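# Overview (structure and organization)
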2 protein chains.
Amino acid sequence: MPIGEFELIARYFQDPRPPLVAARPDVLLGIGDDAALLRMPPGHELVAALDTLVEGRHFPAGAPPESIGHRALAVNLSDLAAMGATPAWFLLALTLPRADEAFLEAFARGLFTLARAHDVALVGGDTTAGPLSLSVQALGTVPAGQALRRSGAAPGDLLYVSGTPGDAAAGLALLQARGSQGGDAHEQHLLQRFLFPEPRTELGLQLRGVASACIDVSDGLAADAGRLAAASGCAAIIDAGRLPLSDALRAQAGEDQSLAYALRGGDDYELCFTVPPLRRADFEARMTNVKCRVTCIGKLAVGSGVRVERDGASLATDTRGYDHFSNG
Amino acid sequence: MPIGEFELIARYFQDPRPPLVAARPDVLLGIGDDAALLRMPPGHELVAALDTLVEGRHFPAGAPPESIGHRALAVNLSDLAAMGATPAWFLLALTLPRADEAFLEAFARGLFTLARAHDVALVGGDTTAGPLSLSVQALGTVPAGQALRRSGAAPGDLLYVSGTPGDAAAGLALLQARGSQGGDAHEQHLLQRFLFPEPRTELGLQLRGVASACIDVSDGLAADAGRLAAASGCAAIIDAGRLPLSDALRAQAGEDQSLAYALRGGDDYELCFTVPPLRRADFEARMTNVKCRVTCIGKLAVGSGVRVERDGASLATDTRGYDHFSNG
């Protein structure tokens, strides 16, 4: 039975059950006025990210609604993490064909579970009828002058990536081939990495003051490392032999395809960052506080572009990122 | 010829021609990193609004692209104006079926012309392929404690509206009936009011400290006055005889239909606000600085709901607002 827009907003987004709410005293006005009113911590800068997910483009038609809710927020928290920001608030523009309550209930569960885990509050938004798409605007704060940028790296800086890139792309291939149910433990791991990517918020915070540059990996590791290098006026050299390929990915895809997923697959939402050699000890000490794995996969050099090497020799590889209008 | 997403973003949004750019020293990082980095003025609170426009829902298919760009930003600046905020920055999520350069050029012109007029800078966004829709997130600032809310009105406060409500709804009807070209001066006026609504930023700033409550009129004057009254725990009484109907509207629609457009039509993006009688002189003095017309159309009273009266008698009128899932 269709329900009205305002009732829908109230039921699922304005007044979610208390365990789902991130109660933040800095939200002076949340949903229900013309705009949200938010108190910034003194001495901090504001960090703002906006990313859209469109059905059939960023996730397959029929993807689990809980995953859609999770991912809509996760991709934006990932952007904040790449800036070293503390996430605080978000707004949601939800366009859906009809007010389907089963969809909304699962969607809201995915969204709010992640929101609570990262202590971010939904403070506004907009619900409209139309083809399924979601825009989330995430807002965070960072002490003045401490944000991580793409542009701070120098030749000789060590290049790192978090997690195990390539898993999400392999998971998406599985999802498209046979849906999200069943499969062995390796397949379930890969599916989960696509469906429920974990924003690297804690890692981003620990990288403040030690990383020289940072970017989140959404369009493929090689392409995004290339963007970091370009913004820093350097070349990036990736050692293929050091890429942290997961056992699940190797079991599913074999050596060459695993490498392709790790370098060119999208949707990882890991952080790719650089550390000056002189700060390496400080960096490694801080990493003992961070749960996710980080791996040195190469370095920056004088020049431009991205070079992927194995045993010192260049591998021919296509390092272009995903382009929403040229591909697919 | 299709062009790639990154080239498209760069050409139309990252590096628009200098006259279109609002250069703001508080933008520490704009488009081109993972997120925008923005400096807040000390002692201010952050105001955040997010509104989406979907083709066929918020504007007819085939609406002029310049108007689509203008309206996507205008509806959000209107939300900030209703809070008494100074607009500062915005982010744009643009979903469009293909990278159509003629569309984009006109769209960007509409968007940036309005942005420049209100000194707001585009600081981030996202472009994807899909059915035409636009989400804008607008960010502004307000001195701590001075934001206008919906909830501050009391019985006896005077009820005002800016501009001439109803024009936009009549303009939309014209647009749907025969497109945006031609027509006499009255018809062109009504069309312009739908296609290029003017956010009441300056009025919102002048209302700080004198208005007791404020809301922007997007779903119809009666419905939005009703929301303000409900948030304030009051009833709203609108005197139909005092509604500022434009000559263009009266000429186009006749008396009864004009009243219906003014009370129930959407898309006005005017401000509806209340002023305590004791602050009326101060308020009127301030209005000499504001270009747009403001009209006292009634008052708040003890009770609840919205009552429309003429010569002291209640008019039967449907004061429901537009609901995206129940209507159309």
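Residues numbered from 1 in each chain as written. Chains lettered and ligands numbered in written order. Predicted model: local features only at pLDDT ≥ 70, side-chain atom pairs only at ≥ 80, totals over all residues. Heavy atoms only, no water.

## Describing the relation of the copies chain B and chain A
With an RMSD of 0.0 Å, chain B superimposes on chain A once it is rotated by 180° and translated 0.0 Å along the axis. Classification of the inter-copy transformation places it as that of a two-fold axis. The share of interface residues of chain B whose copies in chain A are also at the interface is 100%, consistent with both copies meeting through the same surface. (Least-squares fit on C-alpha atoms with pLDDT ≥ 70 in both. Contact = heavy atoms within 4.5 Å.)

## Observations regarding the interface of chain B and chain A
At the junction of the two partners, chain B supplies 63 residues and chain A supplies 63 residues. Approximately 4,900 Å² of surface area, both sides summed, lies buried where chain B meets chain A, with 60% of it carried by carbon and sulfur atoms. Here chain B and chain A share 4 salt bridges between them. Among the ionic pairs, arginine 150 of chain A bridges to aspartate 34 of chain B, the shortest N-O distance being 3.4 Å. Taken together, the links from chain B to chain A amount to 14 residue pairs in polar contact (both at pLDDT 80 or more). (Buried area = accessible area lost by both parts, 1.4 Å probe. Salt bridge = Lys/Arg side-chain N within 4 Å of Asp/Glu carboxyl O. Polar contact = N/O pair within 3.5 Å; in protein donor to acceptor, adjacent residues only side chain to side chain.)

## Notes on the sheet that holds strand E12 (residues 306-310) of chain A
All names here are of chain A. Spatially, the 7 strands line up as an open sheet ordered E8-E10-E7-E11-E9-E12-E13, and their pairing is mixed. A single partner strand is all that each edge strand has here, and the edge strands are strand E8 (213-217) and strand E13 (313-315). When the angles between neighbouring strand axes are averaged without regard to direction, this sheet yields 35°. Note that strand E7 (residues 158-162) and strand E10 (residues 270-275) share 4 bridges and pair antiparallel. What sits directly across from valine 161, in E10, is cysteine 272. Sitting on the sheet, helix H7 (residues 221-232) is in contact with E7, E8, strand E9 (235-239), E10, strand E11 (294-301) and E12, with an inclination near 155° to E8. (Pairing = 2+ DSSP bridges. Helix = DSSP H or I, 4+ residues; strand = E, 2+ residues; numbered from the N terminus. Axes fitted to C-alpha atoms, helices over the stretch in contact; angles between N-to-C directions.)

## With respect to the domain arrangement of chain A
All names here are of chain A. The assigned domain composition of chain A is domain 1 (5-143) and domain 2 (158-314). The C-alpha centroid of domain 2 is placed 26 Å from the C-alpha centroid of domain 1. Facing 24 residues of domain 1, the contacting portion of domain 2 comprises 21 residues. Approximately 1,700 Å² of surface area, both sides summed, lies buried where domain 1 meets domain 2, with 63% of it carried by carbon and sulfur atoms. Our count for the contact surface shared by domain 1 and domain 2 stands at 1 salt bridge. Note that aspartate 267 and arginine 71 form a salt bridge whose closest N and O atoms lie 3.3 Å from each other. (Domains from an automatic or database assignment.)

## Topic: the pattern of salt bridges
Opposite charge on two side chains allows them to pair when their charged atoms are near. By the definition in use, this model includes 36 salt bridges over all chains. Note that arginine 280 of chain B is salt-bridged to glutamate 284 of chain B, the shortest N-O span being 3.0 Å. Placement of the pair is arginine 280 of chain B and glutamate 284 of chain B together in helix H9 (residues 280-287), with a separation of 4 residues, close to one helical turn. Of the residues examined, arginine 280 of chain B reaches a relative accessible area of 31% and is grouped as partly exposed. Taken together, the shared-partner salt bridges connect Asp167, Arg193, Arg200 and Glu270 of chain A into one network. (Buried < 20%, exposed > 50% of the residue type's maximum accessible area, 1.4 Å probe, protein only.)

## Here we look at the sheet that holds strand E8 (residues 213-217) of chain B
All names here are of chain B. The 7 strands lie next to each other as E8-E10-E7-E11-E9-E12-E13, forming an open sheet whose pairing is mixed. A strand with exactly one partner marks an edge of an open sheet, and here the two such strands are E8 and strand E13 (313-315). Shown here is a sheet whose adjacent strand axes are inclined to one another by a mean of 35°, direction ignored. Two strands pair when backbone bridges link them, and E8 and strand E10 (residues 270-275) are joined in this way by 5 bridges, in the antiparallel orientation. Bridge pairing in E10 links cysteine 214 to phenylalanine 273. Those strands touched by helix H7 (residues 221-232) are strand E7 (158-162), E8, strand E9 (235-239), E10, strand E11 (294-301) and strand E12 (305-310), and its axis lies near 155° from that of E8.

## Thoughts on the side chain of aspartate 51 of chain B
By secondary structure assignment, the location of aspartate 51 of chain B is in strand E3 (residues 44-54). Salt bridges are absent for the buried aspartate 51 of chain B, whose nearest opposite-charge side chain, arginine 150 of chain B, sits at 8.7 Å. Those residues in contact with aspartate 51 of chain B that lie beyond four places of it in its chain are Asp126 of chain A together with Val75, Asn76, Asp79, Leu134, Ser135 and Val136 of chain B. (Lys, Arg positive; Asp, Glu negative; His and termini not counted.)

## Side note on the state of the cysteines
Tallied over the entire structure, the rule returns 0 disulfides over all chains. In this structure cysteine 214 of chain A is not part of a disulfide, and its nearest cysteine sulfur, from cysteine 272 of chain A, lies 7.7 Å away. In this structure cysteine 292 of chain B is a free cysteine whose sulfur lies 11 Å from that of cysteine 214 of chain B, the closest cysteine sulfur available. (Disulfide = S-S within 2.5 Å.)

## With respect to the pairing of strand E6 (residues 133-143) of chain B
All names here are of chain B. Extensive coverage of E6 is indicated by the burial of 11 of its 11 residues. Two elements, strand E4 (residues 86-96) and E6, share 9 bridges in a ladder whose sense is antiparallel. Residue pairing for E6: leucine 91 is matched across the bridge by glutamine 137.

## A look at the environment of glutamate 187 of chain B
Residues and elements named next belong to chain B. Relative to the assigned elements, glutamate 187 resides in helix H5 (residues 185-195). Looking at glutamate 187, the relative accessible area reads 18%, which means it is buried. Remark: the alpha-carbon pair of glutamate 187 and glutamate 202, spanning 15 residues in sequence, is separated by 27 Å. For glutamate 187, the contacting residues outside a window of four places in its chain are Leu174, Arg178 and Gln252.

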